[in-house]
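If you want the building blocks of each chain, they are given just below.
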Amino acid sequence: MAKSNQILMLALLLSLLVTSAIGNEKPRGVTYDGRSLIVNGNRELFFSGSIHYPRSPPEMWPDIIRKAKKGGINLIQTYVFWNIHEPVQGQFNFEGDFDIVKFIKEVAKQDMYVTLRIGPYIEAEWSSGGFPYWLREIKNITFRSYNEPFVYHMKKYAEMIIELMKKEKLFAPQGGPIILAQIENEYNNVQAAYKENGKKYIEWAANMALELYNGVPWIMCKQKDAPPSVINACNGRHCADTFTGPNGPNKPSLWTENWTAQYRTFGDPPSQRSAEDLAFSVARFFAKNGTLTNYYMYHGGTNFGRSSSSFVTTRYYDEAPLDEFGLMRDPKWSHLRDLHRALRLSRRALLWGTPTVQKISEDLEITVYENTGSDPMCAAFLTNNHTKLPSNITFRGADYYLPEKSVSILADCKTVVYNTQTVVSQHNSRNFVPSEKAKNLEWEMYQEKVPTINDLALKNKEPLELYSFTKDKSDYAWYSTSINLNRRDLPMRPDILPILEIASMGHALAAFVNGEYVGFGHGNNIEKSFVFRKPVVLKPGNNDITLLAGIVGYPNSGAYMEKRFAGPRGVILQGLMAGTLDITLNVWGQEVGVFGEKEQLFTEEGTNKVKWTSVTGPPPGHVTWYKTYFDAPEGTDPVALKMDHMQKGMMWVNGKSLGRYWVSFLSPLGQPTQSEYHVPRAFLKPENNLLVVFEETGGHPESIEITTVNRDTICSMITEYHPPNVKYWERSGGKFRAVVEDLKTGAHLTCPDDNVIEKVEFASYGDPDGACGNFYTGNCTSPNSIKIAEKYCLGKHTCSIPVERDLFDEPNKDPCPNIFKTLAVQVKCVVPKKN
């Protein structure tokens, strides 16, 4: 009996211990209210970055995520790409480059959260907006509408993705990193086109998502009338001023896409957005009750293969804080890192303080978050909205200088720890350095045969529509017809030639007459269709007219995407003696893809299927394959191909597609939109790497350069009135304090990796101007500028140069004592020499 009592008491004690432990355990999962998301019982500020797993190889994921975390990011946002996971209906691929589970687990490994944008429509400048081609061929389907075939397949796919996440325990209530999920994407842009079925669809989508999983909040971006069960979020550049706010009092203000620049299409000029403008928009958003911003993109990466949508460049969002190669683009990366630190110093007041807004004038505004109770806290945002004029503002008895279009953050309502316009962080410049190990390439070539109608097995009265003909298997399709003419049909004068006119719905085509290249025509991202018109030489007898039509990605946006078309739709010959001859319905031989594609000439095995010849003279140009071998470039820096003198085509390394290139499509500035193309080191072997290029229309392969890429040119540009770096402040035990005694402004430079400063390339203390890589002296500069910079920086990994007049010039020798001084410094970093 005693033993039974002991067992009973022990069981009771264990029960109490377990109950106590559970009672003290914080709730797991994600909830929200009108102020913020609440993750595992805690409120938090979220600084999120979009990183898409298929746009960089898995070998790059850990480093990209690590750099994002170092930049103050605590949440990674990614789409789920339906067409790569289910390219054939019922056949799934989650391996290798498409291993989304591995990607999410890597984020979790680095103690960060995830927003999973399931879509399944994602836009993303991705082919078909993420929809697999086979979906287009489902009978009676209408994409993104309350349409029975579409909602059936959408739910089936969404359920499969959610079950995969649940199986891997990746949702927050399961202990995983996923705290938010998104269904649909920017639907308000097209909703009106679907009328009543649009409204029904968005309500169905929300209910469907919650039925599948309700453990984390669901969001819809750009959806003003989002159903009550999901959070509507903002996309854009300035959501603090353009977002009308959540459509419910208990929903937080979330910014799903803060565009760090703009994606580019072939033919576009460079896309720019300054670090200062980005920081201003974020500070404004958090001053106006925002608690989550997501940078789209934080790392853009590369559109490998044929993955980009219509006319979108292979390089994606290179102007992001981490560039295409995964290198930190400063000052964008570091200026935002400092902003995140400043906002975190203000975190308690932002999350638990009461906001008040004081409008000083049309452009000046003071926002205060404060709690004056037993646990006092205070943070303030001083805003100058004027785009050209700086201003002074008085706040609680102190005067503050505000540069134009800027926000100053006072983490304790006294101290300016950060101003969005004054960049204290360093700058850098990107360099493409020709490789010594991968130069003097020896090129060989194989020219495609231009087919005639007799060579093409499929015959049709007219040219078939290009999207449905290629079925997303290739960019290319051959079309060929034959026309018999006698001498009297042709112009009699030698100075007059017939004209071949082709009306095309897009995107591009090369034309051949009797095997001879005639010319190339194309549309653009705004107007895909175009008219090709070229003079041609015809002969008495049989004439073969052959077209190589091409697409540059499937459409990714707009209503009724499944009803878009491309390819030649009308072919005529003008200038014949009998007038104009329409040969559109002349019967055409047709075939998807080019020979070298089918035989995989870009693989080691495929190269043996044809006879290659050395490129000794001028290359033939059109529809030609080129191959060479090279050793992996020296060092560990990223690798790129410089394609300056090529025209249009595709590239492969060791059988892996690097994507499309189109160097001949010039921007209004007269420059190619993209000249350099990323070659991930993960694609390379130490030696004997196979590089294959398919050139459609011309180009000079002997000019292709293999380069390494670095950002070893680093700079600083600091004025006397810049605030000290935000890293000089911290909160400890709820107290705000400085962590250094000397709070003076200075130029701070740190080389990437373990590199050291080899050379001071520029230094000027006075009124210099320009940008990193292109500084120049103004009207006044200290003659000691270079000497002082060398004293503080040469041979060091990191250095700081005080911005002090006495350091650069004696008082009676100051060349410009009556101006605000600026220090601009540019240095070159190198790998340190081993002893």
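The structure reproduced in this document is the subject of the present report. (Residues numbered from 1 in each chain as written. Predicted model: local features only at pLDDT ≥ 70, side-chain atom pairs only at ≥ 80, totals over all residues. Heavy atoms only, no water.)

**Focus on the pattern of salt bridges**
Turning to step 1, where the next piece is worked out: A full pass over the atoms with the stated rule returns 45 salt bridges.
Turning to step 2, where the next piece is worked out: Here R329 makes a salt bridge to E319, at a shortest N to O gap of 3.9 Å. Note that R329 is positioned in the loop between β11 (290-299) and α10 (332-345) and E319 in the loop between β11 and α10, a separation of 10 residues in sequence. The pair formed by R329 and E319 is uniform in burial state, with each residue classed as buried.
Turning to step 3, where the next piece is worked out: The partner of D814 in a salt bridge is R805, and the shortest N-O contact between them spans 3.6 Å.
Turning to step 4, where the next piece is worked out: We classify D814 as buried; its relative accessible area is 14%.
Turning to step 5, where the next piece is worked out: Each of R315, D318, E319, D323, E324, R329, R430, K642, D644, E676 and R711 takes part in salt bridges that share partners, so that together they form one network. (Salt bridge = Lys/Arg side-chain N within 4 Å of Asp/Glu carboxyl O. Helix = DSSP H or I, 4+ residues; strand = E, 2+ residues; numbered from the N terminus. Buried < 20%, exposed > 50% of the residue type's maximum accessible area, 1.4 Å probe, protein only.)

**Describing α10**
Turning to step 1, where the next piece is worked out: Taking 1.5 Å of rise per residue, the 14 residues of α10 would be expected to cover 20 Å, and the 20 Å separating its terminal C-alpha atoms lies within 8% of that figure.
Turning to step 2, where the next piece is worked out: Summarising burial for α10: 11 of the 14 residues are buried, a large majority.
Turning to step 3, where the next piece is worked out: Within α10 the residues assigned to the buried category are K332, W333, S334, H335, L336, D338, L339, H340, A342, L343 and L345. (Expected span 1.5 Å × (residues − 1).)

**Some details on the sheet that holds strand β23 (residues 499-504)**
Turning to step 1, where the next piece is worked out: Read across the open sheet, the four strands follow the order β26-β23-β28-β29; overall the sheet is antiparallel. Strands at the two margins of the open sheet, each flanked by one partner only, are β26 (530-535) and β29 (579-582). Mean inter-strand twist for the sheet, computed between neighbouring axes without regard to direction, equals 20 degrees.
Turning to step 2, where the next piece is worked out: Of the pairings in the sheet, the one linking β23 to strand β28 (residues 568-576) comprises six bridges and is antiparallel in character. Its bridge partner being in β28, I499 is matched across the sheet by Q574. (Pairing = 2+ DSSP bridges. Axes fitted to C-alpha atoms, helices over the stretch in contact; angles between N-to-C directions.)

**Observations concerning the nonpolar core**
Turning to step 1, where the next piece is worked out: Membership of the largest hydrophobic core comes to 125 residues, with the highest contact counts inside it found for M165, L339, L343 and V417.
Turning to step 2, where the next piece is worked out: In this structure, W443, A632, F683 and V693 belong to the second largest nonpolar core, which totals 30 residues. (Core = buried A, V, L, I, M, F, W, Y, C linked by side-chain atoms within 4.5 Å.)

**Describing the packing of aromatic side chains**
Turning to step 1, where the next piece is worked out: Under the criterion given, the structure shown has 50 aromatic pairs.
Turning to step 2, where the next piece is worked out: With a centroid separation of 5.9 Å and 40 degrees between ring planes, the pair formed by Y53 and F103 is classed as tilted. Placement of the pair is Y53 in the loop between β4 (46-51) and α2 (61-70) and F103 in helix α4 (residues 100-109), with a sequence separation of 50 residues. For the pair formed by Y53 and F103, the shared burial category is buried.
Turning to step 3, where the next piece is worked out: Between Y765 and F808 the ring centres are 4.3 Å apart and the planes differ by 15 degrees, which places this aromatic pair in the stacked class. (Phe/Tyr/Trp six-rings, centres within 6.5 Å; stacked < 30°, edge-to-face > 60°.)

**A closer look at the packing of helix α9 (residues 275-287) against α10**
Turning to step 1, where the next piece is worked out: Where α9 meets α10, the axes come as close as 9 Å, and the angle between the chain directions of the two elements is 20 degrees. Here α9 lies roughly parallel to α10, going by the angle between them. As for the relative orientation of α9 and α10, their crossing is right-handed in sense. Across the interface between the two elements, A275, E276, L278, A279, V282, A283 and F286 from α9 touch K332, H335, L336, L339 and L343 from α10.
Turning to step 2, where the next piece is worked out: Of the residues assigned to the contact of α9 with α10, the class counts are nine nonpolar, one polar and two charged. (Parallel < 35°, antiparallel > 145°, perpendicular 65-115°, else oblique. Left-handed = near helix turned anticlockwise from the far one by under 90°. Contact = heavy atoms within 4.5 Å. Nonpolar A, V, L, I, M, F, W, Y, C, P; charged D, E, K, R; others polar.)

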